[in-house]
Amino acid sequence: MIAILQWTTLAACGVLAAFRVPTALRGENRSLFFIYALMTAAILLSIEAPYVAVDQVLGGVNLANLLLRFIIFGAIFALGLRIARGFGADDALRLITGPAGTAFAAAASLAVVAVFLMMDTAGSSAGLIGVYDKDARNAALVEYYGAAGRLYPAYITLALLPAMVRTVRSSLPGLVRLGAALLALGSIGVTLGLLSPVIPAPLGYLRFVFNYTAILCLLTGLATFWLSKAVAKRTRKMQTNVTG
């Protein structure tokens, strides 16, 4: 089930990124293309075979996992900026780009790097499973490392959550409200990911469910906003043709 969820999410992100290539080449909505491209790269690096191939090039010490964390940071920052600006959510924009957001990003980045350097990271292993299984010390550090890596995405998505709730409750077009609802669900999924260290082993699959469901909701929500814009543009064009 986990493999199906991973490859389904990868396929969805890849299709969305490819679909945005023509408009990006024309200089339109390039930020949207880069968000999809970064998330596609992140999901690719979360799958065993491509992860190991990339990490071997980087020395076989799981630097690919550290790279994955910062790709996610970059993608979620770009997502937060686009959504906050698109909805005129000044409160979210201040939280993301203001002193608090900068400090949070720096602290999360330092925590991720510091814990990574404390681990015995030899031996490529997607999800750091091999590192986790080495001994109790490494197992604990992997949990701390994962928690540190989830802090910044949770901060960004929670900053966006009030604006998305306002949008869902507004009188905006249905597709816009649907996109906001998907983003809100994605935000909740990212936040639930913070509970990963306390999820018991028999329910470990929930970690993957939270993570990939959150990604799918966030990216589908973005696509829904684009679809709403395209539908509105097409409707205005048809109305112009009729009245003209």
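Anything mentioned here points back to the structure above.
Residues numbered from 1 in each chain as written. Predicted model: local features only at pLDDT ≥ 70, side-chain atom pairs only at ≥ 80, totals over all residues. Heavy atoms only, no water.

**Remarks on helix α6 (residues 99–118)**
Next, step 1: Along its 20 residues, α6 runs 28 Å from first to last C-alpha, staying within 8% of the 28 Å computed at 1.5 Å per residue.
Next, step 2: Restricting attention to buried positions, one finds in α6 the residues Gly101, Ala108, Ser109, Val112, Val115 and Phe116. Buried residues along α6 cover an arc of 140° about the axis, so they all sit on one side. Pointing more than 90 degrees away from the buried face of α6 are the exposed residues Pro99, Thr102, Leu110 and Leu117.
Next, step 3: Looking at the buried side of α6, the elements it contacts are α4 (63–86), α5 (90–97) and α8 (136–168). (Helix = DSSP H or I, 4+ residues; strand = E, 2+ residues; numbered from the N terminus. Expected span 1.5 Å × (residues − 1). Buried < 20%, exposed > 50% of the residue type's maximum accessible area, 1.4 Å probe, protein only. Arc of directions from axis to C-beta. Contact = heavy atoms within 4.5 Å.)

**Some words on unusual backbone geometry**
Next, step 1: Here the phi dihedral of Asn62 falls at roughly 65°; this positive angle occurs in a residue that is not glycine.
Next, step 2: In this model, Leu128 sits at a positive phi of 55°, which is unusual for a non-glycine residue.
Next, step 3: Tracing the backbone shows Leu128 in the loop between α6 and α7 (129–132).

**Considerations on the pattern of salt bridges**
Next, step 1: Following the criterion strictly, the structure yields 2 salt bridges and no others.
Next, step 2: For the salt bridge of Asp91 with Arg166, the shortest nitrogen-to-oxygen distance reads 3.3 Å. Remark: Arg166 occurs in helix α8 and Asp91 occurs in helix α5; sequence separation between them is 75 residues.
Next, step 3: On the basis of relative accessible area, Asp91 is assigned to the partly exposed category, the value being 27%.
Next, step 4: Residue class for Arg166 comes out partly exposed when judged on its relative accessible area of 45%.
Next, step 5: Of the charged contacts, one joins Asp120 and Lys134 as a salt bridge, the two residues approaching to 3.2 Å between their closest N and O atoms. Here Asp120, found in the loop between α6 and α7, pairs with Lys134, found in the loop between α7 and α8; they are 14 residues apart in sequence, far enough to count as distant.
Next, step 6: You can call Asp120 partly exposed: its relative accessible area is 38%. (Salt bridge = Lys/Arg side-chain N within 4 Å of Asp/Glu carboxyl O.)

**Let's talk about the side chain of Arg150**
Next, step 1: In this structure, Arg150 sits in helix α8.
Next, step 2: No salt bridge forms around the buried Arg150; measuring N to O, its nearest opposite-charge neighbour Glu143 is 5.0 Å away.
Next, step 3: Sequence-distant contacts of Arg150, that is, excluding residues within four places in its chain, are made with Glu143, Gly193, Leu194, Ser196 and Pro197. (Lys, Arg positive; Asp, Glu negative; His and termini not counted.)

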